[in-house]
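Structural features, examined
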Amino acid sequence: MLAVERKASRDVIGWCGLVDSGRGAVGEPELAFELLHRSWRQGYATEASFAVLERARSSGYERLWATVWDWNTASRRVLAKVGFTETDRKEVDAVHGTTLFTTGRL
């Protein structure tokens, strides 16, 4: 994971990176991000995700995936902006809702 830091104020507002959660295909890590509420809706998740995707591309990855709760429209928008598409794969959790699986080609 990498810290997401605003350039001007140099404060850390979250994290973004690649993880191996064991739920995806072998050799295809998951893009993951989480930001503090005060920094939402300012483009930071998109910018951080693009940076991580560029690093993944230069490291030789060809495809990544990500999961997102079906109710999290903001994160679904971020994933769409950075080129991920939703698949038919879903996992239903009685407490938290449905997890959607997305993939992105690099």
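No experiment lies behind these values; they were computed from the predicted model shown.

Bringing the side chain of S75 into the picture now. Mapped onto the elements, S75 comes out in helix α2 (residues 73-81). We classify S75 as buried; its relative accessible area is 16%. The contacts of S75, once residues within four sequence positions are left out, are F33 and V68.

The next point concerns the pairing of strand β3 (residues 30-35). Within β3, five of the six residues are buried, leaving the element largely enclosed by the surrounding structure. Relative to β3, strand β2 (residues 12-19) is paired through six bridges, and the arrangement is antiparallel. Bridging from a neighbouring strand, G14 pairs with L35 of β3.

Right, let's get into the environment of G97. Turning to its location among the elements, G97 is positioned in strand β6 (residues 97-105). For the pair G97 and W71, spaced 26 residues apart in the sequence, the C-alpha separation amounts to 7.7 Å. Those residues in contact with G97 that lie beyond four places of it in its chain are W69, E91 and V92.

Take the layout of surface pockets next. Of the voids in this model, the largest pocket is the one considered here, and its volume is about 790 Å³. Lining the largest pocket we find 29 residues, and of these F33, E34, N72, A74 and S75 sit closest to its centre. Elements with a minimum of two residues in the lining of the largest pocket: β3, α1 (44-58), β4 (63-69) and α2. Residue composition of the lining of the largest pocket, by class: 15 nonpolar, eight polar and six charged. Its boundaries defined by the atoms lining it, the second largest pocket holds a volume of some 280 Å³. What lines the second largest pocket is a set of 13 residues, among which A3, V4, E5, A48 and A51 lie closest to the centre.

A few words on the pattern of salt bridges. Going through the model one piece at a time under the given rule, you end up with eight salt bridges. Between E54 and R57 there is a salt bridge whose closest N-O contact spans 2.6 Å. You can see E54 and its partner R57 sitting in helix α1, three residues apart, about one turn around the helix. We note a salt bridge from R89 to E91, for which the minimum N-O separation is 3.3 Å. A residue is classified by how much of its surface remains accessible, and R89, at 38% relative accessible area, is partly exposed. A relative accessible area of 28% means that E91 is categorised as partly exposed. Ionic contacts of the salt-bridge type, sharing partners, join the residues R6, D11 and R38 into one network.

What counts and how
- Residues numbered from 1 in each chain as written.
- Predicted model: local features only at pLDDT ≥ 70, side-chain atom pairs only at ≥ 80, totals over all residues.
- Heavy atoms only, no water.
- Helix = DSSP H or I, 4+ residues; strand = E, 2+ residues; numbered from the N terminus.
- Buried < 20%, exposed > 50% of the residue type's maximum accessible area, 1.4 Å probe, protein only.
- Contact = heavy atoms within 4.5 Å.
- Pairing = 2+ DSSP bridges.
- 1 Å grid on protein atoms, 1.4 Å probe; cavity = no way out; pocket = protein on both sides within 12 Å on 5 of 7 lines; lining within 4 Å.
- Points joined across faces, edges and corners; volume = space filled by probe spheres on them.
- Nonpolar A, V, L, I, M, F, W, Y, C, P; charged D, E, K, R; others polar.
- Salt bridge = Lys/Arg side-chain N within 4 Å of Asp/Glu carboxyl O.

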